[in-house]
Amino acid sequence: MLRLRLWSVRHARLLEAIYEAFERFLIKLGPLLERIGHERLEKPVAALERISKGLFFDCQMCGECILSSTGMSCPMNCPKTLRNGPCGGVRPGGFCEVKPEMRCVWVEAWEGSRLMRKPEAIRALQKPVDARLKGRSSWLRVIREKTRDNPP
Amino acid sequence: MKFEDEPVPGQPFPIRPGHSSGGRLERILREGVFAVTAELDPPDSADAEDVYRRARIFDGFIDAMNATDGAGANCHMSSVAVCALLRRVGYAPVMQVACRDKNRIAIQGDVLGAAAMGVCNILCLTGDGVQAGDDPGAKPVFDLDSLSLLETIRTMREESRLLTGRKLDSPPRVFLGAATNPFTEPLEFQPIRLAKKIAAGAQFIQTQYCFDLDKFRIFMTRARDLGLLEQVFILAGVGPPASARAARWMRSHIPGVTIPDSIIHRLEGAGDQQAEGRKICIELIQQLREIEGVSGVHIMAYRQEKSIAAIVRDSGVLDGRTPWYPERGRNPGYLGQETD
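A few points on the structure. (Residues numbered from 1 in each chain as written. Chains lettered and ligands numbered in written order. Predicted model: local features only at pLDDT ≥ 70, side-chain atom pairs only at ≥ 80, totals over all residues. Heavy atoms only, no water.)

The secondary structure content of chain B amounts to 11 helices and eight strands. Taken against the 2.2 N^0.38 rule, which gives 20 Å for 340 residues, the C-alpha radius of gyration of chain B at 19 Å falls within 12% of a compact globule. Summarising its shape, the C-alpha atoms of chain B cover approximately 60 × 45 × 45 Å along the three principal directions. The buried share of chain B, taken over its 340 residues, is 58%. Put simply, of all contacts in chain B between residues at least 6 apart along the chain, 77% involve residues at least 24 apart. Summing over all exposed atoms, chain B offers an accessible surface of approximately 13,800 Å²; the carbon and sulfur share of this is 49%. One finds the centroid of the 40 positive side-chain charges in chain B at a distance of 2 Å from the centroid of its 44 negative side-chain charges. (Helix = DSSP H or I, 4+ residues; strand = E, 2+ residues; numbered from the N terminus. Rg over C-alpha atoms; globule rule 2.2 N^0.38 Å. Buried < 20%, exposed > 50% of the residue type's maximum accessible area, 1.4 Å probe, protein only. Contact = heavy atoms within 4.5 Å. Areas by Shrake-Rupley, 256 points an atom, 1.4 Å probe, with all protein chains shown as cover. Lys, Arg positive; Asp, Glu negative; His and termini not counted. Charge placed at Lys NZ, Arg CZ, Asp CG, Glu CD.)

So this is what it looks like as structure tokens:
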């Protein structure tokens, strides 16, 4: 869904706000989800994530979502899966080196980031992805990180 | 050009306070000498002499040479091996590492091995996509990207540990470099990306070919405004276009190369296009040298490597100095024959 993906970048500011509200909601829901058990929830939540984020961002289910640091343009759609900015091969007009018919994910990310309330998030240095998390829910992981590791 | 504590060829220099490596390139840059590096064309061969023959043509004209890592996604002798051979005789190689072909386990192992064989400079690259080369069916890896690669090697060097946290008995003492392309979209992001690379560990930068100096000046001004020029040594990339046709081919086939129409028109109007290309390259070197924050030039002259010596000589950037090169015959580690 390339068209929706591009819509998402153009509305990065709105989606950023929705995402922040959604994260707060998820963290509130934390204790309940904890009672049900994250392992039991993993499959249905991951499926929900795959469908919703797939629709809006062409999500590749890396399991370590950083959309709010990449202008709501999913970096895993970069053929080189670059998470820290564009490669040096971007074609004239901002097209991808590997897929010349596609606009560079990072050209989109830069435009999206400038619409956002936290445009500086794109400057954060991203660690390499943990390949074990591929296909797993990043929402549940965020809840675990925000509640278990840093209890409020 | 020699230092007072010049080591036996093949051995590193003593590491000076504040330096990261025992390498010649870091010393030259930190002394404020205008540095000249060039790209070595790695052989499609298993013969060490093929490496030495390609290195010798630069003798006395460059300070360090880059060993490419499957450049353009084409297989050649590995950069680790080319660098190890060059170190045996005392050259200062810059080992290029592309993230395309190896995962984090293989790359960290290569870094340790290279440093053990005396490699003092590593250039961290993303790498061209496999579609650019002659083996587009190969599996692209891209486990790390150029920034996480920089941070990984810096962590190995500074904290003496691997990405996993496992301790190293001896850290790799390497001077870390990265590439930058000031000429491609998103243009406004490029200086910020340079800042990110410096934050991740880049100490020197080798840029993509600089043909459009107006764009390059804008980039450098922005980098200066961000306070980056004091934190990194920038070597501007240059090269002699062989002809107007070659220049057109380069900009449409080599990822990330931008050549303005004005350069192509100038080549077309010349009687001897190859000579004109070299003249353009010399002029660019002289103009780049005047730009604030440019610490040297990096010459990429694919299949025209023999022209590099004359280009460097005629540009005058060495100011009469002769960069170090192995003294033939007197070096017991030298395996090559005296054929030039």
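Additional details are given in the paragraphs that follow.
Residue and element names in this part refer to chain A. Overall, the coordinates contain 38 salt bridges over all chains when judged by the stated rule. Between Glu-97 and Lys-80 there is a salt bridge, with the nearest N and O atoms lying 2.9 Å from each other. Of this pair, Glu-97 sits in the loop between α3 (38-57) and α4 (105-115) while Lys-80 sits in the loop between α3 and α4, and the two are 17 residues apart along the sequence. Both residues of the pair, Glu-97 and Lys-80, belong to the buried class. The structure contains a network of salt bridges with shared partners spanning Glu-20, Arg-117 and Lys-118. (Salt bridge = Lys/Arg side-chain N within 4 Å of Asp/Glu carboxyl O.)

Further remarks concern the environment of A:Gly89. Looking at the secondary structure, you find A:Gly89 in the loop between α3 and α4. Taking the C-alpha atoms as reference, A:Gly89 lies 9.7 Å from A:Cys104; in sequence the two are 15 residues apart.

Let us now look at the sheet that holds strand β8 (residues 294-299) of chain B. Residues and elements named next belong to chain B. Strand order in the closed barrel made by the eight strands is β1-β2-β3-β4-β5-β6-β7-β8, with parallel pairing throughout. Ignoring which end each strand starts from, the neighbouring axes of this sheet average 25° apart. Across four bridges, the pairing between strand β5 (residues 175-180) and strand β6 (residues 204-209) is parallel. Its bridge partner lying in β6, Ala-178 is registered against Ile-205. Of the strands in this sheet, β1 (35-40), β2 (64-67) and β3 (93-98) are in contact with helix α3 (residues 79-88), which crosses β3 at around 170°. (Pairing = 2+ DSSP bridges. Axes fitted to C-alpha atoms, helices over the stretch in contact; angles between N-to-C directions.)

Moving on, we come to the pairing of β1(B). All names here are of chain B. With five of six residues buried, β1 is to be regarded as a mostly interior element. Alignment of β1 against β8, held across four bridges, turns out to be parallel. Residue Val-36 lies in a different strand from β8, and its bridge partner there is Val-297. In terms of strand pairing, β1 meets β2 through four bridges, oriented parallel. By the bridge assignment for β2, Glu-39 is matched with Asn-66. As a crossover connection, the stretch from β1 through helix α2 (residues 48-56) into β2 is right-handed. (Right-handed = clockwise from strand over helix to strand, strands pointing away.)

Another point: the interface of chain A and chain B. Listed by partner, the interface residues are 27 residues for chain A and 27 residues for chain B. In total, about 2,300 Å² of surface goes out of reach between chain A and chain B, with carbon and sulfur atoms giving 58% of it. Contact with chain B buries area across many residues of chain A, yet A:Trp110, A:Leu125 and A:Pro128 alone supply 24% of it, more than any other trio. In this assembly, chain A and chain B are joined by two salt bridges. For A:Arg114, the salt bridge goes to B:Glu188, with nearest N and O atoms at 2.8 Å. Taken together, the residues that form the side of chain A that touches chain B break down as 14 nonpolar, seven polar and six charged. (Buried area = accessible area lost by both parts, 1.4 Å probe. Nonpolar A, V, L, I, M, F, W, Y, C, P; charged D, E, K, R; others polar.)

The next point concerns the layout of surface pockets. Residues and elements named next belong to chain A. A volume near 620 Å³ is recorded for the second largest pocket. Residue lining of the second largest pocket: 23 residues in total, with Glu-23, Cys-65, Ile-66, Ser-68 and Val-142 positioned closest to the centre. Looking at the lining of the second largest pocket, the elements that each hand over two or more residues are α2 (12-36) and α5 (138-149). Its residues assigned to classes, the lining of the second largest pocket shows nine nonpolar, four polar and 10 charged. (1 Å grid on protein atoms, 1.4 Å probe; cavity = no way out; pocket = protein on both sides within 12 Å on 5 of 7 lines; lining within 4 Å. Points joined across faces, edges and corners; volume = space filled by probe spheres on them.)

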